[in-house]
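Below, each chain spelled out in residue letters.
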Amino acid sequence: MAGEDADERASGRIARPRVLSALAVVSRVPPRNRTYELKGDGETGLSRYRASGLPMGNGAECSGLRLAELVAAVSLASDLGLGQPMEHLLRSCRLGLRLAESVGLSEDERAVVYYVALLGWVGCHAESHEQAAWFGDEIAMKADRYEVDMAGRAGAGFVLRHVGAGGPPWRRARLLAPLIASHGKVAGAFEGTHCQLAGQVAVGLGLGTGVRDALHHVFERWDGKGRPAGLRGEQVALPARIVQLAGVVERHRREGGIDVAAGVARRRRGTQFDPSLVDRLCLQPGRMLSGLEAAASWDELIDAEPALRPVMSEEQLQRALEAIADLADLKSPYTTGHSRGVAELVSTAAGRCGLSAGQAAELRGAAWLHDLGRLGVSSVIWDKPGSLSEAESERVRMFPYFTQRMFARSARLAPLAEIAGQHLERLDGSGYPRGLSGAALSPAVRLLAAADVYQALLEPRAYRPEYSPADAARVLAAEVRAGRLDGDAVHAVLGAAGHRLARRREWPAGLTAREVEVLALAAQGHSTKEIAGRLVISPKTAGNHIEHIYLKTGCSSRAEASLYAMQQGLLGEPRAAQT
Ligand SMILES: [Fe+2]
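Residue positions are counted from 1 within each chain, in the order its sequence is given. Per-residue local features are limited, in this predicted model, to residues with pLDDT of at least 70; the limit for side-chain atom pairs, both in listing and counting, is 80 or more; totals at the level of whole chains, interfaces and linings are taken over all residues.

## Points about the overall build of the protein chain
Piece 1. Looking only at helices and strands, the protein chain features 30 helices and two strands.
Piece 2. The exposure label follows from counting other C-beta atoms within 10 Å of a residue's C-beta, where the C-beta atoms are placed from the backbone and the thresholds are 20 or more for buried and 12 or fewer for exposed, leaving partly exposed in between. Considering the protein chain as a whole, with its 579 residues, one finds that 52% of them fall into the buried category.
Piece 3. Two residues qualify as a contact pair if the distance between their C-beta atoms, derived from the backbone, is within 7 Å. For the protein chain, restricting intrachain contacts to residue pairs at least 6 apart in sequence, the fraction spanning at least 24 positions comes to 72%. Comment: elements are numbered from the N terminus, with helices defined as DSSP H or I runs of at least four residues and strands as E runs of at least two.

So, in structure tokens, the structure goes:
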């Protein structure tokens, strides 16, 4: 059943207006506490962006988290969606700041460059499902875009190479005709959605209209052949021009070295890129492009944030985490609202399990973040109606690890990342990515695991319809019997979901319901192996239960335990799945 919530490979059968739903979800986060007010003076390209004061969380309200840390963590998710190694955007950001300094931008203007560089591609997965339908592996397609100056014949050739990729020739032909007939409207729609979503995220994070407007320009080009508005020259916001150049150059520097990167910039001078920026870069390419790894390490990059370096209030952090949950769920039309649903379930269930208010808040945060790593897996896999190949399964098994890595570097978010990264581990060690088991899984992890499975079952997937609440509860109960999900956690989640539950009986000597089951079977003469078979658990797990029974009851032999079971009226208690 670990597979059931790897489950969440979505399908293409649900028709819905993706753009509107995407924006509607994100725009539920109101643009409170707008921190940047960027004004244009209409004189020069360089002085059009100014920042006003940035309110900061303080005292009891302070979350202890810099906005830059959260945005940098989200940029790691964008890296994966772009088919790049993590920290590509951190390095691009550092290069963007060097370019901004070289052209004399003020501190406030550099702050805009900083946020546009980190958030520029945050909307890149908003239409992954649709992109995969046109182009196959959409992440591979985006990675290849770095190779091509997309206007003109090169761009047309790129589209020809990628349309229907991975599919049979007849499918490629069938897709090609409407794509050509659309005269670029298909790609334009994707890029328009991307820009709108990135802008909405920026506003939702408390950034102002200047950052938002520059984010709307990341697909525009110096030569006017970009999208969605076809802006030209200095009509394209300077931060967007800087970030475009920095992103492509960083990719080619990493792959081919400084000379190759400078060559790419020169070849696209005056087409994709602002000629004056290319000239700045190529004046001293070694100085501009050297040492980006060290300069863009996590701490260096966070410290490099220009201007006022806002710290988020606790309320701002909660809203931002909700917005991240929505971002993750946009990866598939089947998962819309999934992370919010899981967060609501664990919020209620935490109290039922005796978690403290602090632990409950941490768990809710983990629930909001838990699926962001899904951005690193192609929608071709999530949306596949049939079973996955071995290679596809391996890819899926990595996504909780991606989630954990994204947030692990922030001291404030690392505890949430730890919980989120384990939500697909199982008590019997059958989960992933690390195959943890038993005591290694905290009560918070067990609750998140149970809530994730339950919520996922209520949602349709490419390979199955949605379950009714009653059927979902039955599946969870079976998971408890199989020793994969924790009985107490499942009980709490089902209670939180509104299921009417039989009162959990208190068992003598602090025995759990599962231990009572094992005791009853042992008392009936079943061997450890037979008990394991009857309860669909491993012999090792059954042996552990027997050890715990001896420890709790003070018995030291099977006969003694059988006597205890009879005296306590525990025989005939096949009941672990009482939920
Ligand atoms: Fe999930």
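## Observations regarding the environment of P333
Piece 1. Assignment of secondary structure puts P333 in the loop between α17 (314–329) and α18 (338–352).
Piece 2. Given 26 C-beta atoms within 10 Å, P333 falls into the buried group.
Piece 3. The spatial distance from the C-alpha of P333 to the C-alpha of E127 is 9.1 Å, given a sequence separation of 206 residues.

## Topic: the nonpolar core
Piece 1. The nonpolar core is taken to be a set of buried Ala, Val, Leu, Ile, Met, Phe, Trp, Tyr and Cys residues joined by way of C-beta atoms within 7 Å. In this structure, L447 and V493 are the most contacted members of the largest nonpolar core, which totals 141 residues.
Piece 2. An automatic or database domain assignment provides the domain bounds reported here. Shared between two domains, this core takes at least three residues from each, and those domains are domain 1 (48–165 + 186–311) and domain 2 (331–496).
Piece 3. Those residues within four positions of L447 in sequence are excluded, and the remaining contacts are V346, A349, A350, C353, L363, A489, A492 and V493.
Piece 4. If you look at the next biggest cluster of nonpolar residues, it comprises 19 residues, including L521, I537, A561 and Y564.

## Some thoughts on the packing of helix α19 (residues 357–369) against helix α24 (residues 443–457)
What describes two packed helices is the angle between their axes and the distance between those same axes.
Piece 1. The angle between two axes is taken between their N-to-C directions and runs from 0 to 180 degrees, where each axis is a line fitted to C-alpha atoms and a helix contributes only its stretch in contact. The N-to-C vectors of α19 and α24 enclose an angle of 40°; their axes lie 10 Å apart at closest approach. Considering their axes alone, α19 and α24 lie oblique with respect to each other. Here α19 runs over α24; the crossing is right-handed. Packed against α19, whose contacting residues are Q359, E362, L363, A366 and A367, the element α24 presents A444, L447, L448 and A451 at the interface.
Piece 2. The classification used treats Ala, Val, Leu, Ile, Met, Phe, Trp, Tyr, Cys and Pro as nonpolar, Asp, Glu, Lys and Arg as charged, and all other residues, Gly among them, as polar. Taken together, the residues of the contact of α19 with α24 sort by class into seven nonpolar, one polar and one charged. The labels follow the angle: roughly parallel below 35 degrees, roughly antiparallel above 145, roughly perpendicular from 65 to 115, and oblique for the rest. Left-handed is the label given to a crossing in which the near helix is rotated counterclockwise from the far helix by less than a right angle, and right-handed is the label when the rotation is clockwise.

## Quick word on the environment of L105
Piece 1. Position of L105 relative to the elements: it lies in the loop between α3 (88–102) and α4 (107–119).
Piece 2. Overall, L105 belongs to the buried group, with 22 C-beta atoms counted inside 10 Å.
Piece 3. Spatially, the C-alpha atom of L105 lies 10.0 Å from that of P239, the residues being 134 residues apart in sequence.

## As for the confidence of the model for the protein chain
Piece 1. On a range of 0 to 100, pLDDT expresses the predictor's confidence in each residue. With 85% of its residues at a pLDDT of at least 70, the protein chain reaches an overall mean of 83.
Piece 2. Every residue in residues 1–55 is under pLDDT 50, and counting partners more than four places away or in other chains gives 127 contacts.

## Quick notes on unusual backbone geometry
Piece 1. Residue P228 follows R227 across a cis peptide bond; omega there is 5°.
Piece 2. Take P228: it is sitting in the loop between α10 (209–215) and α11 (238–256).
Piece 3. Here the residue pair Y432 and P433 is connected by a cis peptide bond, since its omega of 10° sits within 30 degrees of zero.
Piece 4. If you trace the backbone, P433 turns up in the loop between α23 (414–420) and α24.
Piece 5. The backbone phi angle of E87 is positive, close to 85°, even though this residue is not glycine.
Piece 6. The topology assignment puts E87 in the loop between α2 (67–81) and α3.

## Brief notes about the packing of α11 against helix α13 (residues 275–283)
Piece 1. α13 packs onto α11 with a crossing angle of 45° between their chain directions and a minimal axis gap of 10 Å. As far as their axial angle goes, α13 and α11 are oblique. Judged by the twist between their axes, the crossing of α11 over α13 is right-handed. Contact with α11, carried on its side by R241, I242, L245 and V249, involves L277, V278 and L281 of α13 and no other residues of that element.
Piece 2. Residues that form the contact of α11 with α13 fall into these classes: six nonpolar, no polar and one charged.

## Digging into the environment of G263
Piece 1. For G263, the location among the structural elements is in helix α12 (residues 258–267).
Piece 2. A tally of 15 C-beta atoms within 10 Å means that G263 is categorised as partly exposed.
Piece 3. With 11 residues separating them in the primary sequence, G263 and H252 have C-alpha atoms 9.3 Å apart.

## Some words on helix α5 (residues 128–135)
Piece 1. Of all eight residues in α5, six are buried, a share of seventy percent or more.
Piece 2. Restricting attention to buried positions, one finds in α5 the residues S128, H129, Q131, A132, W134 and F135.
Piece 3. Where α5 terminates, the next one or two residues include G136, which has phi positive at roughly 70°.

## Observations concerning α18
Piece 1. Expected helix span is given by 1.5 Å per residue-to-residue step, counting one fewer step than there are residues. With 15 residues, α18 should reach 21 Å at 1.5 Å per residue; the first-to-last C-alpha distance of 22 Å fits that figure.
Piece 2. Here α18 has its buried residues at H338, S339, G341, V342, A343, L345, V346, A349 and A350.
Piece 3. Each element contacted by the buried residues of α18 is listed here: α17, α19, α24 and α26 (487–496).
Piece 4. Positive phi shows up at G354, right after α18, with a value of about 80°.

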